[in-house]
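Reading the structure
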Amino acid sequence: MGIMKTYLTAEKKLVAATLAAYTVRSLGQLGSSLISMLLLSAALEGRLDKVLLVLACNCGAWTVFALFDRWSNLLQAKTVARINTALRKNISQNLCAADYETLQAHNMGDYLSWYSNDVDQAEQLGVKNFFTFCFQIINMALSFSTLMALHWSLAAVALVSSFVMLRGSVLMDKQLKGGSQKVSESGEQFTHQLKELLGGLPIFTVFGLKERFSQGMEQASCRREQVRRDFVRRQENGSLLVGMMSIATQMLTLLLLFFLCIRRIIPFSAFYGAGNIISMASNSTQQLGSIRLRLVSAKPYFDKIGKAPEQARPLPALPVLEKEIAVEGVSFSYSEKPVLQNVSLRFRKGGKYVIVGPSGCGKTTLLRLIAGQVGGYTGTIRFDGLDVRQYSTASRYDSIAYIDQEVRLFDGSIRENIALGREFSQQQLEDALRESALENDLARMPQGLDTMVGEGGKLLSGGQRQRIAIARALLQQRMALLVDEGTSALDQENASVIEESLLRNEKLTLIMVSHHLDPQRRQKFDQVVDFETL
């Protein structure tokens, strides 16, 4: 309950209003049961006027019940919506606070599962059950108070019965926590498999293997549902245990009520109404045991997505690049495979550099190290003599932009993809479009900058996507561009236009990776770094 309590406390006014509305609702329900005692007494007396009066009071009690039941449900829905939004906001804050390597520790399917499946489970098992738990506590308190008013022994037996049932539910805690964790993990795996299979459907179609898609979906679904089924079985075992205890204790309390009526300790007319109240108390206790089991199951979800970002000691911001980027004796390995060994290079501000060499020699890795996307290296990377490890990674992006081979575009317009929500002048936009060789493409598009790119840029060619990525980096006015095969998807003419534009920009530091560099292009760069001979 610890983490969930934090979110409920943040909405304490709404929670209090919901519980207040439910208390009035329960009073209406309890009032109806008490009125039933008077109804039986009036019927035995043969008093029609009294019967009609009691029925009118009963109708009023049920009206109160219905109105406040609706109000409590609406308030609960509002509270749940706010907490779900807060949970998703917390996930976003945790992701924003994580460094690049931490983000790469999970795949996209995991994150999708956190925002959807895990929030839904936190709602169903946690927040909604919290309200139901409180509602049943209110019912129990009112029922016990009424039973105490009738006779103390009825309240005592009901109280002892409640304690026994709640203790019985504790026996299932460990199993349910483990089962809930497995359901959460299976949700992440299923979302990842779903994403992979849907992304691969065009490939299956081209090679006539659509049945592989169907089989994969069926197998993923079966694995997911098997875990869910096992968890439900554990929940139902706990509920069955509590339910059997509830039946036994309810029968015991009814026998005591019958004995009290026979001995004339309480009026016999109270038997009908008191029986309803005993059932209300017993059912509330049974519900509390089952709900408590579900609240235990919610804990792993809140532990995963509800924790606030860790407040580590903030690192200072790295000053904007003024002179040079220095790589000093840097070595790096993937697992146990060395990729870079004692590499030392200097890239002065405004210089134009190209890195060449065979696949797998570490060209991309070097760019990612400079960009802060990979850590765990030995040696030193300095910006203007400052060791970048002593400064925040996020501030490094004030100076540099990294253009990956795989361009990522949002499902929006070209304008939205290059401006990223910021405001730029028309001249700035035109300069970026010209220097990225994108202006000719826009001239052929009826909607120009407002042309939609589709999910992942699927409505554009590979070359157009790369030109947008370059325009985006230029428009954001970064002092250094790290380009990993940034013109690989372009035809020679457009590739040359972009390279010429970047090379002419005296203020721009350009570090480019290329697998194919002809002699004529080599001469345009200040330095060609050949990793094969480094």
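The structure under discussion appears in the preceding block.
The following paragraphs examine the structure supplied in this document. In this text, all values refer to a predicted model and were calculated from it rather than measured experimentally.

**Overview of the packing of aromatic side chains**
- Counted according to the given criterion, the structure contains 8 aromatic pairs.
- Relative to W114, the ring of Y111 has its centre 5.1 Å away and its plane inclined at 85 degrees; by these criteria the two rings are edge-to-face. A residue pair is termed a helical-turn pair when its members lie 3 or 4 positions apart in one helix, as Y111 and W114 do in helix α5 (residues 108-150) at 3 residues. Of the two residues examined, Y111 and W114, each falls in the buried class.
- Plain terms: the ring middles of F347 and Y353 are 5.0 Å apart, the flat faces sit at 85 degrees to each other, and that makes the pair edge-to-face.
- Relative accessible area serves as the criterion here: at 1%, F347 is assigned to the buried category.
- A network of ring pairs unites the aromatic residues Y22, F130, F131 and F135 as a single cluster.

**Structural notes on helix α1 (residues 2-10)**
- Here α1 has its buried residues at I3, M4, Y7 and L8. End-on, the buried residues of α1 take up no more than an arc of 140 degrees, which puts them together on one face. Residues of α1 that are exposed and angled more than 90 degrees away from the buried face: G2, K5, T6 and A10.

**Quick notes on the pattern of salt bridges**
- What the rule picks out here adds up to 15 salt bridges.
- E11 is the salt-bridge partner of R82, the closest N and O atoms lying 3.3 Å from each other. Placement of the pair is R82 in helix α3 (residues 48-97) and E11 in the loop between α1 and α2 (12-45), with a sequence separation of 71 residues.
- Residue E328 is joined to R382 by a salt bridge in which the shortest nitrogen-to-oxygen separation is 3.0 Å. Taken as a pair, E328 in strand β1 (residues 324-334) and R382 in strand β4 (residues 378-383) lie far apart in primary sequence, 54 residues in all.

**Section: the nonpolar core**
- If you look at the biggest cluster of nonpolar residues, it comprises 46 residues, and the most contacted ones within it are M4, L87, V127, F130, L147, F302 and I305.
- Looking at this core element by element, the count peaks at 15 residues for α5.
- Excluding its chain neighbours within four sequence positions, the residues that come into contact with I305 are Y7, L87, N90, I91, W114, D118, V119 and A122.

**A look at a nonpolar patch on the surface**
- Together, L240, M244, I247 and M251 make up an exposed nonpolar region whose accessible area comes to about 420 Å².
- Residue position: M244 is located in helix α8 (residues 210-262).
- Judged by its relative accessible area of 53%, M244 is exposed.

**Topic: the sheet that holds strand β7 (residues 480-484)**
- In space, the 5 strands of this open sheet follow the order β6-β7-β8-β3-β9, with parallel pairing throughout. Among the strands making up the open sheet, the edge pair consists of β6 (400-403) and β9 (527-530). For this sheet the average axis-to-axis angle between neighbouring strands, irrespective of direction, equals 15 degrees.
- Of the strands in this sheet, β6 and β7 touch helix α15 (residues 462-475), which is tilted by about 175 degrees from β6.

**Examining the pairing of β1**
- Strand direction decides the pairing type here: β1 and strand β2 (residues 337-348), joined by 8 bridges, are antiparallel. Bridge pairing in β2 places V327 opposite L345.
- In sequence, β1 turns back onto β2 through a hairpin of 2 residues, with S335 there showing a positive phi of about 60 degrees.
- Here β1 pairs with β4 via 5 bridges, running antiparallel. When the bridges of β4 are listed, V327 appears paired with I381.

**Considering the sheet that holds β2**
- Sheet architecture is open: 4 strands sit in the order β2-β1-β4-β5, paired in antiparallel fashion. Single-partner strands in this sheet number two, and they are β2 and β5 (386-387).
- Examined bridge by bridge, β4 and β5 share 2 bridges and lie antiparallel to one another. Across the sheet, R382 pairs through a bridge with D387, a residue of β5.
- Contacting β1, β2 and β4, helix α10 (residues 363-371) runs over the sheet at an angle of about 120 degrees to β1.

**Let's talk about α10**
- Within α10, 7 of the 9 residues are buried, which leaves the element mostly enclosed by the surrounding structure.
- Among the residues of α10, those classed as buried are K363, T365, L366, L367, L369, I370 and A371.

**Considering the packing of helix α13 (residues 426-435) against α15**
- Axis separation between α13 and α15 bottoms out at 8 Å; the angle between their running directions is 135 degrees. In this view, α13 runs oblique relative to α15, as classed from their interaxial angle. In terms of crossing hand, the pair formed by α13 and α15 is right-handed. Residues Q428, L429, A432 and E435 of α13 pack against A471, L474 and L475 of α15.

**What about the pairing of strand β3 (residues 352-356)?**
- With respect to burial, β3 is a largely interior element, 5 of its 5 residues being buried.
- On β3, burial covers both faces: K352, V354 and V356 on one face and Y353 and I355 on the other are all buried.
- Pairing analysis gives 4 bridges linking β3 to strand β8 (residues 509-513), with the strands arranged parallel. Residue I355 lies in a different strand from β8, and its bridge partner there is V513.
- Here β3 runs beside β9; their pairing, made up of 4 bridges, is parallel. What sits directly across from V354, in β9, is V528.

**Side note on the environment of S413**
- Tracing the backbone shows S413 in the loop between β6 and α12 (414-419).
- For the pair S413 and V453, spaced 40 residues apart in the sequence, the C-alpha separation amounts to 5.8 Å.
- With residues near it in sequence (within four places) discarded, S413 still touches L449, D450, T451, M452 and V453.

Reading the values: the criteria
- Residues numbered from 1 in each chain as written.
- Predicted model: local features only at pLDDT ≥ 70, side-chain atom pairs only at ≥ 80, totals over all residues.
- Heavy atoms only, no water.
- Phe/Tyr/Trp six-rings, centres within 6.5 Å; stacked < 30°, edge-to-face > 60°.
- Helix = DSSP H or I, 4+ residues; strand = E, 2+ residues; numbered from the N terminus.
- Buried < 20%, exposed > 50% of the residue type's maximum accessible area, 1.4 Å probe, protein only.
- Arc of directions from axis to C-beta.
- Salt bridge = Lys/Arg side-chain N within 4 Å of Asp/Glu carboxyl O.
- Core = buried A, V, L, I, M, F, W, Y, C linked by side-chain atoms within 4.5 Å.
- Contact = heavy atoms within 4.5 Å.
- Patch = residues over 30% accessible without salt bridge, like charges linked within 9 Å, V, L, I, M, F, W, Y side chains within 5 Å.
- Areas by Shrake-Rupley, 256 points an atom, 1.4 Å probe, with all protein chains shown as cover.
- Pairing = 2+ DSSP bridges.
- Axes fitted to C-alpha atoms, helices over the stretch in contact; angles between N-to-C directions.
- Parallel < 35°, antiparallel > 145°, perpendicular 65-115°, else oblique.
- Left-handed = near helix turned anticlockwise from the far one by under 90°.

By themselves, these are just geometric observations and shouldn't be taken as functional.
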